[in-house]
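Architecture at a glance
Given next are the chains, with one letter for each unit.
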Amino acid sequence: FSVLLLLTYMGCSDNKTYSELQNEEEIAIKEYIIKEKIHVIDTLPDPYKWGPNDYYKSTSGLYFHMVNPGDTSVSLVYNGKVAVRYKFFKLTDPDNIIFSNWNTVDYPNPEILTYGYIGSSGSKGIQEALIYMAFHDSEAKIILPSNLNSSSSTYSSNVIPVGYDLKIKIPQ
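Let us look at the structure shown here. Source: prediction; values computed, not measured.

**Examining the nonpolar core**
If you look at the biggest cluster of nonpolar residues, it comprises 29 residues, and the most contacted ones within it are Phe 64, Ile 142, Tyr 164 and Leu 166. Listing elements by their share of this core, those giving two or more residues are β3 (63–68), β5 (81–90), α3 (124–133), β9 (139–144) and β10 (162–169). Here the element with the most residues in this core is α3; it accounts for five residues. Residues in contact with Ile 142, not counting those within four places in the same chain, are Leu 62, Tyr 63, Phe 64, Gly 125, Ile 126, Ala 129, Val 162, Gly 163, Tyr 164 and Leu 166. Tyr 55, Tyr 63, Leu 91 and Ile 143 belong to the second-largest nonpolar core, a separate cluster that totals nine residues.

**Quick notes on the pairing of strand β2 (residues 54–57)**
Sheet topology places strand β1 (residues 39–41) next to β2; three bridges connect them, and they run parallel. Across the sheet, residue His 39 finds its bridge partner in β2, namely Asp 54. Looking at chain direction, β2 and β3 are connected through two bridges and run antiparallel. By the bridge assignment for β3, Lys 57 is matched with Tyr 63. The turn linking β2 back onto β3 is made up of five residues, and Gly 61 within it adopts a positive phi angle of 110°.

About the cut-offs
Position numbers for residues start from 1 in each chain and track the written sequence from start to end. A pLDDT threshold of at least 70 governs which residues receive local features in this predicted model, and a stricter bar of 80 or more applies before side-chain atom pairs are shown or counted, although totals over entire chains, interfaces and linings include all residues. The side-chain numbers reported here are obtained from all heavy atoms of the structure, hydrogens and water having been left aside. The set of buried Ala, Val, Leu, Ile, Met, Phe, Trp, Tyr and Cys residues whose side-chain atoms join them within 4.5 Å is what this entry labels a nonpolar core. Accessible area is worked out with a 1.4 Å probe on protein chains only. A residue is then buried under 20% of its type maximum, exposed over 50%, and partly exposed in between. Secondary structure is summarised from DSSP: a helix means a run of H or I of at least four residues, a strand means a run of E of at least two, and numbering begins at the N terminus for each. It only takes one pair of heavy atoms within 4.5 Å for two residues to be counted as in contact. By the convention used here, strands pair only if DSSP detects at least 2 bridges between them.

Quick look at the structure:
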């Protein structure tokens, strides 16, 4: 996503080690979970049996909450296109939306991603969330530690945990 460049600017710190930044990120995620009264679970529930604040924590560190499983008769296809709308915010300031294409008046065209491809317009965390969303008109909320909010697996000084509200449509 194009907001990665914005995070580069926001995440710079000359005085802290990467380890210190990772510790701060872990604390920010824990504080957000407490503040939002999130119930973290380690087993992925049935698409229709999510509690109102249940977030599945995957082995990668993604926190995933299904809001609406969508139309299960239309599913994602590997290397297929998916239209994504999202609201994006830092966990340390969730009321301040960094970027949103949620509104079709301001952003008539959603972001188009290729399911299964982590490239310039996608991240490891978004791609993983798509696996769980899987269906047309699915909606979810996710929490991404910084290592999942990029398309790169290399070191980054952008140690900023973020949240997304996501909804997808599968072009038919």
